[in-house]
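A closer look at the structure
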Amino acid sequence: MSFPEAGHPFAGRSLAVIQDLNRMERLYLYGRARELKDAHRRGDRTVLDSFRIDDPDFGIYEVFLEDSTRTRESFKNAAHFHRLKFSELNAASSSFNKSESYSDTFANLVGYDNRMFVIRSRLEGVCRYLAEKTEAYRERHGIQGGISFINAGDGRHEHPTQELLDEFTFLEDLQWDSREIHLALVGDLYHGRTVHSKVYGLGLFDRVRVDLIAPPELSMPLSYREEMEAQGFDVRQFSSIREYLEGGTAQGVPGNGLARLWYFTRPQLERMGERVLRRAAELRGAITFQPDDAVLLPEGTTFYHPLPRHREHPTIPVSLDHTPLNGWERQSANGWYVRMVLLAMLAGRIGDEYAGPVGPDAVMEDDFVQEVAGASAVASASASASAREASGGRAPVGTAGGGPPGEERRFSEGIRPIRDGLVIDHIFAGAPPEKIRGHLTTLISVMGLHGRGGEWISTGRDGRCKGLLFRPDHPGLEEGEVRKLAAVIPGATVNVIRGGRVQRKFRLGHPRRIYGLPELICRNEACITFPENGEQTLPRFTRSRNGHYICDYCSHTHEFTEVWR
Ligand code: NCD
């Protein structure tokens, strides 16, 4: 087998979420898919052959642990186009049934010289996880070249290749103009991973208007909606198609406020609880298009659907198949072209000439630890205030210096001044006492701050609580440890005391990323890192624009305090 040259922009990369290909990379892919589609229509063999991987030793594996027709079959047909070694794992009779882990299973398949995996699973974040895991396996066995993991739908999380073919089809209908899109998303926006991928995918367009149409039980999770708004999308919400048609036509010209592109999704009954299922018919009614309403639609409206449609209760009635509204059949066929091109790119067959930025957009790392200049004076003044608050009816932790403001003060533990050690103040200031108490325990365990000293919850004159921790004999903190502290107690201040003085003082902000600590947990039970799923791996979190912590694997949103066990 031949390997693409090192430095190829796409070879060996994975696609776990849509942002794994940046905007320019996706536009490149759509340009090539357009070329391939044209060549196929013309029957131009020379152009078609220039896309083919054409290597009987190049192994691609499909592993589908959830049902599928279009995604699985279009990948299979794409693989046949490429003339390579195509295999499918029969998951139902595999050692998954003997509780074998994902990482062991896939390591074996990598060992049989397979370069690409297309995976559909109920577990969210599985592709990112496997891409990381097999990296170590590859190194252990000296396997050359990257291994690609392609997410073909993971639980309720994402479906990035569906997003690729959807964007390609939208562009086709917008005459390849990516300046603006107005899209209605209709259906099960709660469970539908294809619409979750749109939250980031639609950033392809410069201006985005999205109308969300779903009854409350099936509405888009708030975190996704907030993320769309944070990206500057105009977002409106409607509880049924009827409400949308009325709301969209009420003020002025009929159809004026309605999107021309409508994207339907199926109610995912298999993922719903009993309570919601009892109301299935009513919910379906809210998101089923009535053929008579077609007259209310703006000129040139197109409907899309990732499919499947329910044979008895289709939300796009079959009577519309023969109308110009039908965009879903072409959309489905486009899946084949887009996936052929994706495979060619990740195999390194095409893409050499791509000259744009490579890889996901970088996450800005902000400086979340600030050393306060002139530590002595500032630190001791605030420390004396904490000490006053802390001492109310409890063990005295006040200052021994006690002089007028501006004069240097000292920390003390009881009546003995602290000569050397650590004082951490303002821990979760403003939080309820039980939360602060929980965090003091996490802080001690994560940082190993057991030992002599004390920790308190104090109430300031403003009635706000905060935590304090004193460790008189602490030898001091390395820079890495201060950064780690910020992951546990952002907002706190850290004072390092030497010879009875505040030698250094740090203010801790909210870190951009939190990772590598055994006390971390992702609260999503479907996440590949969730302990009961047995993969024995830790989650990692990245802070979002609105201050939430998003799991790097499954994208589940957490408040800061929720990422700790
Ligand atoms: C979707 C999926 O499985 O996420 N279908 C698809 O891949 N084309 C949508 C669905 O199952 O409703």
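Residues take numbers from 1 onward in each chain, read along the sequence in its written order. Thresholds applied to this predicted model are a pLDDT of at least 70 for local features of residues and 80 or more for the giving and counting of side-chain atom pairs; totals over whole chains, interfaces and linings are not thresholded and use all residues. Calculated side-chain values reflect all of the structure's heavy atoms, with hydrogen atoms and water omitted.

The rule for a residue being near a molecule or strand is that one of its heavy atoms must lie within 4 Å of it. Around the ligand, the structure places T71, R120, H159, Q162, R193, T194, R266, Q268, P306, L307 and P308. In the environment of the ligand, an oxygen atom lies 2.7 Å from a nitrogen or oxygen atom belonging to the side chain of H159. Whenever two N or O atoms come within 3.5 Å, that pair is a polar contact, provided that in protein one can donate a hydrogen and the other can accept it, and provided that, for residues adjacent in sequence, both atoms are side-chain atoms. In this structure, L307 approaches the ligand through a main-chain N or O atom, which is 2.9 Å from a nitrogen atom. For the accessible areas, the method is Shrake-Rupley and the probe is 1.4 Å, while residue cover comes only from the protein chains on display. A total of 310 Å² of accessible area belongs to the ligand in isolation, and the protein chains cover 93% of it.

Let us look at the environment of E135. Going along the chain from the N terminus, every DSSP run of H or I of four or more residues is numbered as a helix, and every run of E of two or more is numbered as a strand. Secondary-structure assignment places E135 in helix α5 (residues 126–141). In this structure, the C-alpha to C-alpha distance between E135 and G146, residues eleven residues apart in sequence, is 7.9 Å.

Between the rings of Phe, Tyr and Trp (Trp by its six-membered ring), a pair exists once the centres lie within 6.5 Å; its type follows the angle of the planes, with under 30 degrees stacked, over 60 edge-to-face, and the other angles tilted. All told, the structure shown has 25 aromatic pairs when counted by the stated rule. Between Y30 and F168 the ring centres are 6.3 Å apart and the planes differ by 50°, which places this aromatic pair in the tilted class. Of this pair, Y30 sits in helix α1 (residues 23–42) while F168 sits in helix α6 (residues 160–173); the two residues are 138 residues apart in sequence, bridging distant segments of the chain. For the pair shown, Y30 and F168 are each scored as buried. An aromatic cluster of three or more residues is present, and its members are Y61, F96, Y102, F106, F117 and F149. Taking NZ or CZ as reference, K198 lies 4.2 Å from the ring centre of Y263, over its face. Three exposure classes are used, based on accessible area relative to the maximum for each residue type with a 1.4 Å probe and protein chains only: buried under 20%, partly exposed in between, and exposed over 50%. For a lysine, the NZ atom is tested; for an arginine, the CZ atom; a charge sits over a ring if that atom is within 6 Å of the ring centre and within 35 degrees of the ring normal.

Here we come to α5. For the α-helix, the turn length of 3.6 residues means that residues three or four positions removed from each other point alike. An expected span of 1.5 Å times one less than the residue number is assigned to each helix. Compared with an ideal rise of 1.5 Å per residue, which puts 16 residues at 22 Å, α5 spans 22 Å between its outermost C-alpha atoms and is within 8% of the ideal. Should any heavy atoms of two residues lie within 4.5 Å, those residues are counted as being in contact. Tucked into the core, α5 has its buried residues touching α4 (102–111), β3 (114–121) and β4 (148–154). Looking one or two residues beyond α5, the residue adopting positive phi is G142, at roughly 60°.

Any two strands with at least two DSSP-identified bridges between them are counted as paired. With parallel pairing, the four strands of this open sheet are ordered in space as β2-β1-β3-β4. In the strand order of this sheet, the two ends are held by β2 (84–88) and β4, each with one partner. If you compare each strand with its neighbour and ignore which way they point, the axes differ by 15° on average. With respect to the sheet, helix α12 (residues 328–346) is in contact with β1 (55–64), β3 and β4, its orientation differing from that of β4 by roughly 150°. Helix axes are fitted only over the stretch in contact, all axes being lines through C-alpha atoms; the angle between N-to-C directions runs from 0 to 180 degrees.

So, about the environment of V358. If you trace the backbone, V358 turns up in the loop between α12 and β10 (369–371). On the accessibility criterion, V358 (51% relative accessible area) is exposed. It is 10.0 Å that separates the C-alpha atoms of V358 and R23, two residues lying 335 residues apart in sequence. If we skip the residues at most four places from it in the chain, V358 touches P9, R13, N22 and E25.

Moving on, we come to the side chain of Q268. Tracing the chain through its elements places Q268 in the loop between β8 (261–264) and α10 (274–277). Dropping the residues within four chain positions of it, Q268 is found in contact with D188, H191 and G192.

Moving on: empty space enclosed by the protein. Of the grid points, spaced at 1 Å and generated over the protein atoms alone, those admitting a 1.4 Å probe that cannot get out make up cavities, while open sets with protein on both sides within 12 Å along at least five of seven lines make up pockets; any residue with an atom within 4 Å of a point is treated as lining. Grid points are joined across faces, edges and corners, and a volume is the space filled by probe spheres set on the points. Tallying each qualifying case throughout the model produces four cavities of 30 Å³ or more. The wall of the largest cavity is formed by Y200, S223, Y224, E226, E227, S544, N546, H548, I550, S555 and T557. Counting residues per element, the lining of the largest cavity draws most heavily on helix α8 (residues 222–230), which supplies four residues. One number sums up the size of the second largest cavity: a volume of about 50 Å³. Around the second largest cavity, the lining residues are R70, Q162, L165, H305, P306, Q331, S332, G335 and R339. Of all the elements in the fold, those that place two or more residues in the lining of the second largest cavity are α6 and α12. Considering every element that reaches the lining of the second largest cavity, the biggest residue donor is α12, with four residues. A class-by-class count of the residues in the lining of the second largest cavity yields two nonpolar, five polar and two charged. Three categories are distinguished: nonpolar for Ala, Val, Leu, Ile, Met, Phe, Trp, Tyr, Cys and Pro, charged for Asp, Glu, Lys and Arg, and polar for the others, with Gly belonging to the last.

Cis geometry marks the peptide bond from L307 to P308; its omega dihedral reads 15°. Structurally, the position occupied by P308 is in the loop between β9 (302–304) and α12. Of note in this structure, H426 is not a glycine but carries a positive phi near 60°. Along the chain, H426 turns up in strand β13 (residues 421–427). By relative accessible area, which is 26% here, H426 ends up partly exposed. Despite not being glycine, Q536 shows a phi value in the positive range, around 55°.

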